[in-house]
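Architecture and fold: a report
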Amino acid sequence: MRRAATRSAWGTWIGFESCPSLLGRLVEGFSGPWTPLEHLPVPAPAPETVPAQETASLREAASVRGTVPVPETAPSQQTASLPESASVRGPAFVRGPAFVRETAFVRETVSVPETGPVRETGCVVLAARSPADLRRAVPLRVLLPRAPRVRIAVADVPPWAGRPLPAAGQAPCWRLLTGLRVARRGRGWHLEAAFSEPVDAGEILAHVAYGLFGAAGTTTPVAGLAGADAADWRPGDANATLAPADGPVPDRRDAPGCDVLVRAGASRVPPVDEAVVNPIGFRPHPEEGVAELTPHRDGFAVTCGPTTLVRLPPGGRVTDVDVARLRDVRGVAVPAASAGPASAGPAPVVARVVAALAAAGIPVLTEPDPARDEALGPPLTAALAAVTPEALASDLRREEISIRLRRTALREHGSVACWRRLAADAGLSGPPAPRVSILLCTRRPEMLPFAFEQMERQRGVTAELIVGLHGFTAREAPLPRTPLPVTVIEAPATTPFGEVLNRMAAAASGSYLAKVDDDDWYGPDHLADLLLARLYSGADLVGSAAEFVYLEQLDVTIRRCIGTERFAPLVAGGTMLVTRAAFEAAGGFRPLPRTVDGQLLQAVEAAGGRIYRTHGFGYVLRRRSAYGHTWRQPVQSFLASYQEQWRGLVFNGLMKDGAQWRVEVRT
């Protein structure tokens, strides 16, 4: 960063409100000018880009879709013309040329020049506190000037984060690249890119963020963002349209600039960004006790005894770095508003913190608080009510609680769920739920009723069943009745197992392929959890760990020591869920009689895909004799490493949650 001071440079930062000293160390030697990214004014669109007829059309659409109407008044009168109830997304937050910056970093009135933001400079320096903040900067990318040199510094990253390598795609700016350097700096990374001509620094930012997180996130409906904290509503989305706080949304290629316009404000809780606040890195055996959320200066702190683990800004934003520092606590206690001075803060802001912690799988101990619980919603409030100190004392129960909390928080408060609701409220039809094609191949007709039952129990997912009859026909063994759509593929016993699976995949219509085994047990949320893991990990193939194994010969259930909620090259073969694109890029299954699961995993990784292993609480592997099974690992090998065991067939609580269950073991 020191060399940036030797030439014309322009710097901006995001995410350092609660840790200004970290910003000072990160950019030592850079004298400025230095501007908070979120405080830059959004330039108004040129008058010719908003024809009168299109303005009227947008206003008419706004009345139907529930978005904020376009003001008809002159710019000097727009602030007064926007009533607080104008936006169903929260009151309009209007910021003029001068505003007050209230943070622990500095308290002063900052004046923005009337000439508007810098359009071109010699070097752009962007400092982000965490990868989460880097994603938040992406919707604001139009505020960055053009420059022949772009430097991006991320101060701190969680242990599981990758390197900030850009995903260039077809962007023409990379044809002008003359040099690229990525270097580790302390707990973070610095990237420096040099070009032969000035390029759009915001475009470089978007490509770096995409390289870090892949395709995690959503781009529909197209979002219009305006007002304070606008970046929190659509982090990572380079397709979002930024609009002035008190002006119209600029058009895009002769079309309206957005489908849904959100004017962010302090009274609304932004969604959780599931790409950065999620269960990745969960630790099943924490070493610390229960921490507590407390007020701290203008924001919050999470403390464990005398130690302050993290500090949060006044708005309650939680990042991936904060989550990483809380992984070793058994839970976080949040006082109710009725606790008086010990209360953590305003109910909507505390609700935002609680939703983020729950989405990360960090158990939260709460007391009833009507205002906060209203902001959280009934599903998450009910899940939080089941969290008790006694339950958190057991590692097994704690992880069950963690999984229930993360499921509910991500499905209720995640950005994808939030924007689906916004689209529905605006009268827009969102993208259809993805269809999962379940690949069930068997040589044993007697196992079909059991296997069908396991798949019929799946909930929260749109699925079809592709049944491969390997060595027998449907006439010889009629299929059980099922409400699921079924496609049958018949193959002779001499056909290699992998080839049968490929025929089944070719007949499938889903955008995801899920391989299951005919004799294992699956919890009712197995497939839904895999889709959720795919969403927050952005991986091409996800699967569960074979944590729980029933050793039929010994009549013993064991829990094995397997790391979960991490990127890993191996998952249980009977739990693989892969995108259609990744499956085809890997060439499908190899036409082999066995080891086809491991071969597919290796092929996906070789093709540049990512593999993620989620929790194993929705799956129980049944291990019989190694003979007659495509996986020849002997029973004794499962006893080499386990952390718990039970006599007989034992299921954890998540395997039976609210679903019909049959406990027969032997068929």
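I will try to describe carefully the structure that is included in this document. (Residues numbered from 1 in each chain as written. Predicted model: local features only at pLDDT ≥ 70, side-chain atom pairs only at ≥ 80, totals over all residues. Heavy atoms only, no water.)

**Overview of unusual backbone geometry**
For clarity, the threshold we go by: Counting from the N terminus, the helices are the DSSP runs of H or I reaching at least four residues and the strands are the DSSP runs of E reaching at least two. Only protein chains enter the accessibility calculation, which uses a 1.4 Å probe; a residue is then buried when its area is under 20% of its type maximum, exposed when over 50%, and partly exposed in between.
Its identity is not glycine, yet Asp229 carries a phi of approximately 60 degrees, on the positive side. Along the polypeptide, Asp229 turns up in the loop between β9 (223-226) and β10 (241-242). Residue classification places Asp229 among the partly exposed residues on the basis of a relative accessible area of 35%.

**Comments concerning helix α5 (residues 201-213)**
To keep things clear, this is the line we draw: Here the expected length of a helix is defined as 1.5 Å per residue gap, with one fewer gap than residues. Polar contact is the term for a pair of N or O atoms within 3.5 Å; when the atoms are in protein, one must be able to donate a hydrogen and the other to accept it, and sequence-neighboring residues count only if both atoms are side-chain atoms.
The end-to-end C-alpha distance of α5 is 19 Å, a good match for the 18 Å that 13 residues give at a rise of 1.5 Å each. With 10 of 13 residues buried, α5 is to be regarded as a mostly interior element. For α5, the set of buried residues is Ala201, Gly202, Ile204, Leu205, Ala206, His207, Val208, Ala209, Leu212 and Phe213. For α5, the side-chain oxygen to backbone nitrogen distance between the N-cap and Gly202 is 3.0 Å, and the N-cap itself is Asp200.

**Digging into a nonpolar patch on the surface**
Defined as follows: Patches here are clusters of residues that have more than 30% relative accessible area and form no salt bridge, with a 9 Å joining cutoff for like charges and a 5 Å cutoff for nonpolar side chains (Val, Leu, Ile, Met, Phe, Trp, Tyr). Here the open area of atoms and residues is found with the Shrake-Rupley method and a 1.4 Å probe, where only the protein chains shown may cover a residue. Here, a salt bridge means any Lys or Arg side-chain nitrogen found within 4 Å of an Asp or Glu carboxyl oxygen.
The grouping of Leu554, Leu639 and Tyr642 at the surface amounts to a nonpolar patch, some 240 Å² of accessible area in total. With respect to the element layout, Leu554 can be found in the loop between β23 (548-551) and β24 (556-560). Note on Leu554: relative accessible area 40%, which makes it partly exposed.

**Some points on the environment of Arg151**
Topologically, Arg151 is positioned in strand β6 (residues 146-154). A residue is classified by how much of its surface remains accessible, and Arg151, at 3% relative accessible area, is buried. Note: C-alpha distance between Arg151 and Leu191 (40 residues apart in sequence) is 5.6 Å.

**Some remarks on the side chain of Glu274**
The following threshold applies: The convention is simple: Lys and Arg are positive, Asp and Glu are negative, and His and the chain ends are not counted.
Relative to the helices and strands, Glu274 resides in the loop between β11 (260-263) and β12 (290-296). Despite its burial, Glu274 remains without a salt bridge, the nearest opposite charge being carried by Arg135 at 5.9 Å.

**Regarding the pattern of salt bridges**
Scanning the model with the defined rule gives 35 salt bridges in all. The closest approach of N and O atoms between Asp529 and Arg407, which form a salt bridge, is 2.8 Å. Residue Asp529 is found in helix α15 (residues 526-537), and its partner Arg407 is found in helix α11 (residues 395-413); the two are separated by 122 residues along the sequence. When its relative accessible area of 6% is taken as the criterion, Asp529 is described as buried. Among the charged side chains, a salt-bridge network with shared partners connects Glu17, Glu38, Asp133, Arg136, Asp232, Arg317 and Arg352.

**Here's the deal with the pairing of β11**
Filter applied, for reference: Pairing between two strands requires that DSSP report at least two bridges joining them.
Here β11 shows no split at all, with Val260 and Val262 on one side and Leu261 and Arg263 on the other all buried. Of the pairings in the sheet, the one linking β9 to β11 comprises four bridges and is parallel in character. Following the sheet pairing, Leu225 is matched in β11 by Val262.

**A closer look at the nonpolar core**
Here is a general trend for soluble globular proteins: nonpolar side chains tend to be buried in one another's company. Threshold: Side-chain atoms within 4.5 Å link the members of a nonpolar core, which is a set of buried Ala, Val, Leu, Ile, Met, Phe, Trp, Tyr and Cys residues. Note on contacts: a residue pair is in contact if any heavy atoms of the two residues lie within 4.5 Å.
Leu37, Leu134, Leu293, Val332 and Val436 are the most contacted members of the largest nonpolar core, which has 130 residues in total. Top contributing element to this core by residue count: helix α7 (residues 347-359), with 10 residues. Ignoring any residue separated from it by four or fewer positions in sequence, one finds Val332 in contact with Val290, Ala291, Glu292, Leu293, Val302, Leu357, Ile362, Pro363, Val364 and Leu365. Counting 26 residues, the second largest nonpolar core, distinct from the first, contains Ala491, Val571, Val578 and Val604.

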